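Summary of structural features
Residues per chain are reported as follows:
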Amino acid sequence: MLMCEFLTAVHHKLPVKVIVYNNSSFGLIPLEAEAVGLPAYKQGIEFPNPDFSALAPACGGHGFRAMKPGELHAEINGALKVDGPAIVDCVVTANEMPNFPHLELDKLGNYAVAKIKEALLACTGP
Amino acid sequence: MTQTVADMLVGTLERIGVKHIFGLIGDSLNPLADAVRRSKIEWVGVRHEEGAALAAAGQAKLTGQLAVCCGTTGPGSTHLVAGLYEASGDHAPVLALSGDMPRKMHGTDFIQTTEPDLLFRDVALYTETISSAAQAPAVIHQAIAAAYAGRGVAHLTVPQDVFETKAEGAVSSVGTLRPRPEIVPSEEDLAEIARRIDAAGTIVVMCGAGCHGAVEELRSLSDRLKAGSILFGPPTGYVKADRNGSSALSTMPRSELRSVRLTASRHSTARAR
């Protein structure tokens, strides 16, 4: 789904409930760089995020946000109860590691090399 | 550190004065992004590749210099296409780069499989896949030369494993990769145009993409003939630098030329009186 199509759901009064797993990052892309031994390139990977729960009412839908695990049920129930499209912005940790699409031994070595490079870059700068 | 094909490409772009690459990163572009990180070129991240292509088209039109955009495997590069039509339509020199999956995946219906060279055939003057390090220097040169020669889009597909592989050779004749020289019309043609202008009752100056780089000359001509001007393309700087309201009217399709000609003639006749 493209973000602009939330407006399409509002336009056509479609009861679409959107759950955003919001880790504020392109989680898989850094991992793919690290799997080939390259440090994750922050300038290309990090983007500012909108407040999705505020975006929904701006589009004419309903917005919800779960910041902690305990809030999740209530927020999702809220989204299911309202008429029409809703967004539930669920904040998850950015550091949670996605699965390697293909796990091979050399990738683990590359990953370790990339992590060392990232640590060095953190000290020396790009 | 060993130079890769990505380093060679980025190094060549740096040498010809490219300052920005517009794109959205992805797995196959990681080696390119890493080469950019170690260069003086700035990576400008966008949210959708069409925006990257439009940004490159705009930059190329404003500067006359090669602008560069990129998208990753499959949907990343397919998103570039719509934006690139602006560059091809307005004759802006743009190099578009498509990342692609490693070659060992090709032909296996692997996820996100596309054939970028087929897809870009219509919008690009030149499109080629770099399949080996040995092929890279000549093809990089050819692509950039084509973008400048035709003033349009050149496109390269580079599989991730080729980007990462050790470079072979070097891009030669980099000094020739620059905006093409303006071509002077023949004396006979100029004399004939002057004769027709002298014979005409009312005149309107119609400026297309071919007027690129001739802002002052166009202005002098327009002022001297007291003729209105209509811009069809982007003669860069014409509107912005306009001092005396010498009537830059609008841009419009050529099919409307006839009705515009009548209106504009009346307009310029009125002004002459």
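Think of each chain on its own: its residues are numbered from 1, step by step along the sequence as written. Key to labels: chains lettered from A, ligands numbered from 1, both in the order written. The predicted origin of the model limits local features to residues at a pLDDT of at least 70 and limits the giving and counting of side-chain atom pairs to 80 or more, whereas totals for whole chains, interfaces and linings rest on all residues. The side-chain values count all of the structure's non-hydrogen atoms but skip hydrogen atoms and water molecules.

With that settled, the discussion passes to the overall build of chain A. The number of helices and strands found in chain A is 6 helices and 3 strands. Strands are runs of DSSP state E lasting at least two residues, helices are runs of H or I lasting at least four, and both sets are numbered from the N terminus onward. Ordered by position in the sequence, the α and β elements of chain A form the string α-β-α-α-α-β-α-β-α. Radius of gyration here is computed from C-alpha atoms only, and the compact-globule reference equals 2.2 Å multiplied by the residue count raised to the power 0.38. Expected size for 126 residues packed as a compact globule is a radius of gyration near 14 Å; at 18 Å, chain A overshoots this value by more than 25%. Whether a residue is buried, partly exposed or exposed follows from its accessible area with a 1.4 Å probe, protein chains only, as a fraction of its type maximum: under 20%, in between, or over 50%, in that order. Scored against the burial criterion, the 126 residues of chain A give a buried share of 33%.

Moving on: the overall build of chain B. Across its full length, chain B holds 11 helices and 8 strands. Split into buried and exposed, the 273 residues of chain B put 47% on the buried side. In this analysis, two residues are considered to be in contact whenever any of their non-hydrogen atoms come within 4.5 Å of each other. Long-range pairs, those at least 24 residues apart, make up 70% of the contacts in chain B with a sequence separation of at least 6. Calculation of accessible area relied on Shrake-Rupley with a 1.4 Å probe; when residues are assessed, cover is drawn exclusively from the protein chains displayed. When the accessible surface of chain B is split by element, carbon and sulfur atoms take 54% of a total near 13,400 Å².

As a general point, the strands of a sheet are linked pairwise by backbone hydrogen bonds and lie either parallel or antiparallel. Residues and elements named next belong to chain A. Read from one edge of the open sheet, 3 strands run E1-E3-E2, paired in parallel fashion. One side of each edge strand has no neighbouring strand; the edge strands of this open sheet are strand E1 (17-22) and strand E2 (62-66). When strand polarity is set aside, the average angle formed by the axes of neighbouring strands in this sheet is 15 degrees. Here E1 runs beside strand E3 (residues 86-91); their pairing, made up of 6 bridges, is parallel. Bridge pairing in E3 links tyrosine 21 to cysteine 90. At least two DSSP bridges between two strands are required for those strands to pair. Lines are fitted to the C-alpha atoms to define the axes, a helix being fitted only along its stretch in contact, and any angle between axes, read from their N-to-C directions, falls within 0 to 180 degrees.

Once that is clear, we can look at unusual backbone geometry. Here serine 24 of chain A, not a glycine, exhibits a phi torsion of approximately 55 degrees, which is positive. With respect to the helices and strands, the residue serine 24 of chain A is situated in the loop between E1 and helix H2 (28-35). With a phi angle near 55 degrees, aspartate 109 of chain B is a residue other than glycine that sits in the positive phi range. Mapped onto the elements, aspartate 109 of chain B comes out in the loop between strand E4 (94-100) and helix H6 (116-119).

This part covers empty space enclosed by the protein. Grid spacing is 1 Å over the protein atoms alone, the probe is 1.4 Å, and a cavity is where that probe fits but cannot get out, while a pocket is an open set with protein on both sides within 12 Å along at least five of seven lines and lining residues have an atom within 4 Å of a point. Grid points are joined across faces, edges and corners, and a volume is the space filled by probe spheres set on the points. The tally for this structure, following the rule as stated, stands at 2 cavities of 30 Å³ or more. Considering only enclosed or pocket space, the second largest cavity measures out at about 30 Å³ in volume. Surrounding the second largest cavity, Ala33, Leu38, Pro39, Ala40, Tyr41 and Ile45 of chain A together with Ile25, Asn30, Ala33 and Asp34 of chain B form its lining. Throughout this entry, Asp, Glu, Lys and Arg are counted as charged residues, while Ala, Val, Leu, Ile, Met, Phe, Trp, Tyr, Cys and Pro are counted as nonpolar. The remaining residues, Gly among them, count as polar. Here the lining of the second largest cavity is built from residues that sort into 8 nonpolar, 1 polar and 1 charged.

A few words on the packing of aromatic side chains. Pairs were defined over the aromatic rings of Phe, Tyr and Trp, the Trp ring being its six-membered one, requiring ring centres within 6.5 Å. Orientation was assigned from the angle between planes: stacked under 30 degrees, edge-to-face over 60, tilted for the rest. Applying the stated criterion across every chain yields a total of 2 aromatic pairs over all chains. With a centroid separation of 5.2 Å and an interplanar angle of 35 degrees, the aromatic rings of phenylalanine 26 of chain A and phenylalanine 47 of chain A are classed as tilted. Taken together, the residues span a long stretch of sequence, with phenylalanine 26 of chain A in the loop between E1 and H2 and phenylalanine 47 of chain A in the loop between helix H3 (42-45) and helix H4 (52-58) at a distance of 21 residues. Of the residues examined, phenylalanine 26 of chain A reaches a relative accessible area of 30% and is grouped as partly exposed. Ring geometry for tyrosine 41 of chain A and tryptophan 43 of chain B: centres 6.0 Å apart, planes at 90 degrees, overall edge-to-face. A residue pair is termed interchain when its members come from two chains, as with tyrosine 41 of chain A in the loop between H2 and H3 and tryptophan 43 of chain B in strand E2 (residues 42-45).

This brings us to the pairing of E2 of chain B. Of the strand pairs in this sheet, strand E1 (residues 20-23) of chain B and E2 of chain B are connected by 4 bridges, and their pairing is parallel. By the bridge assignment for E2 of chain B, glycine 23 of chain B is matched with glycine 45 of chain B.

Glancing now at the pattern of salt bridges. Residues and elements named next belong to chain B. Every case where a carboxyl oxygen of Asp or Glu lies within 4 Å of a side-chain nitrogen of Lys or Arg is listed as a salt bridge. On inspection of all chains with the given rule, the structure shows 14 salt bridges over all chains. Across the pair arginine 103 and aspartate 161 runs a salt bridge whose closest N-O atoms are separated by 2.9 Å. Residue arginine 103 is located in the loop between E4 and H6, and its partner aspartate 161 is located in helix H8 (residues 160-164); the two are separated by 58 residues in the primary sequence. The partly exposed category is assigned to arginine 103, whose relative accessible area is 39%. Since its relative accessible area comes to 21%, aspartate 161 is described here as partly exposed.

All names here are of chain A. Surface patches are drawn from residues lacking salt bridges whose relative accessible area is over 30%; two like charges belong together within 9 Å, two nonpolar side chains (Val, Leu, Ile, Met, Phe, Trp, Tyr) within 5 Å. Together, Ile19, Tyr21 and Val92 give the surface a local cluster of nonpolar side chains, amounting to about 300 Å² of exposed area. With respect to the helices, strands and loops of the structure, valine 92 is situated in the loop between E3 and helix H6 (105-124). Judged by its relative accessible area of 33%, valine 92 is partly exposed.

To continue, consider the confidence of the model for chain A. The predicted model of chain A averages 90 in pLDDT, with 98% of residues at 70 or higher. Note on scores: pLDDT gives the predictor's confidence for each residue, bounded by 0 and 100. Across chain A, E2 of chain A holds the top mean pLDDT of 98, while H3 of chain A sits lowest at 85.

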